[in-house]
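Examining the three-dimensional arrangement
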Amino acid sequence: MKKIPQFAQNGLTSHQIKLIAMVFMTIDHIGAYGFEISCINDNYSLFRILGRIGAPLFLYMLTESIRYTHSKFTLILRLYIGAVRVGRK
């Protein structure tokens, strides 16, 4: 009998979902800030629409991490600290 790969049995892993979300988020940012490049400017709406898929994927992963964590307070605190660090640029 042929063995089925692990990812085919259980779907995508959280890491794979995050990578897919990062690709879509990058497409969104290219569409938003690459308006000086003619091929991107011509397909502005397509880049932005495709890029909007990233946010729901990240939010899904956030809710899954909150659901399965042992300490919700610690997780939310770590996310808050990370957001404050990024905001201080």
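Structural notes, computed from the coordinates.

Calculation criteria
Residues numbered from 1 in each chain as written. Predicted model: local features only at pLDDT ≥ 70, side-chain atom pairs only at ≥ 80, totals over all residues. Heavy atoms only, no water. Helix = DSSP H or I, 4+ residues; strand = E, 2+ residues; numbered from the N terminus. Expected span 1.5 Å × (residues − 1). Buried < 20%, exposed > 50% of the residue type's maximum accessible area, 1.4 Å probe, protein only. Arc of directions from axis to C-beta. Axes fitted to C-alpha atoms, helices over the stretch in contact; angles between N-to-C directions. Parallel < 35°, antiparallel > 145°, perpendicular 65-115°, else oblique. Left-handed = near helix turned anticlockwise from the far one by under 90°. Contact = heavy atoms within 4.5 Å.

Digging into helix α5 (residues 54-68)
Here α5 spans 21 Å end to end across 15 residues, near enough to the 21 Å set by a 1.5 Å rise per residue. Listed in full, the buried residues belonging to α5 are Gly-54, Met-61 and Glu-64. Down the axis of α5, the sector holding all buried residues measures 95°, keeping them to one side. Across from the buried face of α5, at angles greater than 90 degrees, the exposed residues are Pro-56, Leu-59 and Arg-67.

Side note on the packing of helix α2 (residues 14-33) against α5
Relative to each other, α2 and α5 sit at 150°, their axes nearing to 8 Å. As summarised for this structure, α2 and α5 are arranged roughly antiparallel, according to the angle between their axes. The element α2 and its partner α5 pack so that their crossing is left-handed. Here Ser-14, Ile-17, Lys-18, Ile-20, Ala-21, Met-22, Phe-24 and Met-25 of α2 come into contact with α5, specifically with Gly-54, Leu-57, Phe-58, Tyr-60 and Met-61.

What to know about α2
The terminal C-alpha atoms of α2, which comprises 20 residues, lie 28 Å apart, in line with the 28 Å expected from a rise of 1.5 Å per residue. Where α2 is concerned, the buried positions are Ile-17, Ala-21, Phe-24, Asp-28 and Gly-31. Viewed end-on, α2 has its buried residues packed into an arc of 75°, placing them on one side of the element. Pointing more than 90 degrees away from the buried face of α2 are the exposed residues His-15 and Tyr-33. Its buried side turned inward, α2 meets α3 (38-42), α4 (44-51) and α5.

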